[in-house]
Amino acid sequence: MNAPSQLSPRVVFLALFAFCTGLLGYGLYLQHYQGLEPCPLCILQRYAFVCILLIALLGGLVNPHGILLKLWSGLIAVAAIAGGSVSIRQSWLQHNPPEVSTCGPDLNYMISHFPLSDTLPKLFHGEGDCSKVDWSLLGLSMAEWALVCFVLIVAVSIWQIVRRQHAR
């Protein structure tokens, strides 16, 4: 079995792909089978995980080396930093909830008051309250767990960049 420093970039990228696929799958399970509606900030975090997933999949297929490895890993880090920023904002809202929720109208209101051409894009913005904690594990909300995942992804991306420099 390979030591962590001997893992090929392809294996690392495919592991990131599988990790993000699992996170998104669990989020969809919670939404569709447990009834937890995502808020707009949750949707933005999902977009970040999808970006990471797609870049990692391409990295796994291409198996980049040299400058391309740094570029691919850097793109993943940028997407994870963006997603982590959204997670920080949502965590802050959860710990300091506003008096009035500003996450937007619900689906029934949008369908009855807006044309379908305006409603469809709004579906991707989510319906839930950004400051409400509907789910937690070990005392951390979903936004806080997403932040932990984004930080881990950034760490793996930096490791991908740095380890190749030392291996030469």
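Every value quoted in this text rests on a predicted model; they were computed, and no experiment measured them. (Residues numbered from 1 in each chain as written. Predicted model: local features only at pLDDT ≥ 70, side-chain atom pairs only at ≥ 80, totals over all residues. Heavy atoms only, no water.)

1. Quick notes on the nonpolar core
One broad rule of soluble globular proteins: the nonpolar side chains tend to lie buried together.
Point 1. With 20 residues, the main nonpolar core has Cys 20, Phe 49, Ile 52, Ile 76, Ala 80, Phe 150 and Ile 153 as its most contacted residues.
Point 2. Of all elements in the fold, only helix H1 (9-34), helix H2 (40-62), helix H3 (67-95) and helix H6 (142-167) reach the threshold of two or more residues within this core.
Point 3. Of all the elements, H2 adds the most residues to this core, at 6 residues.
Point 4. Once residues within four sequence positions are removed from consideration, Phe 150 is found in contact with Gln 45, Ala 48, Phe 49, Ile 52, Ala 80, Gly 83, Gly 84 and Ser 87.
Point 5. Of all hydrophobic cores here, the second largest spans 5 residues; its members include Leu 41, Cys 42, Val 86 and Leu 93. (Core = buried A, V, L, I, M, F, W, Y, C linked by side-chain atoms within 4.5 Å. Buried < 20%, exposed > 50% of the residue type's maximum accessible area, 1.4 Å probe, protein only. Helix = DSSP H or I, 4+ residues; strand = E, 2+ residues; numbered from the N terminus. Contact = heavy atoms within 4.5 Å.)

2. Here we look at H1
Point 1. With 26 residues, H1 ought to run about 38 Å at 1.5 Å a step, and its terminal C-alpha atoms sit 36 Å apart, in line with that.
Point 2. Of all the residues in H1, the buried ones are Pro 9, Val 12, Phe 13, Leu 16, Cys 20, Leu 24, Gly 27, Leu 30 and Gln 31.
Point 3. Within two residues after H1, Gly 35 carries a phi angle of roughly 75 degrees, on the positive side. (Expected span 1.5 Å × (residues − 1).)

3. Quick word on the side chain of Ser 87
Point 1. Looking at where Ser 87 falls in the secondary structure, it is placed in helix H3.
Point 2. On the basis of relative accessible area, Ser 87 is assigned to the buried category, the value being 0%.
Point 3. Within the structure, Ser 87 has its side chain in polar contact with the side chain of Gln 45 (distance 2.8 Å).
Point 4. With sequence-adjacent residues up to four places away left out, Ser 87 is seen in contact with Gln 45, Ala 143, Ala 146, Leu 147 and Phe 150. (Polar contact = N/O pair within 3.5 Å; in protein donor to acceptor, adjacent residues only side chain to side chain.)

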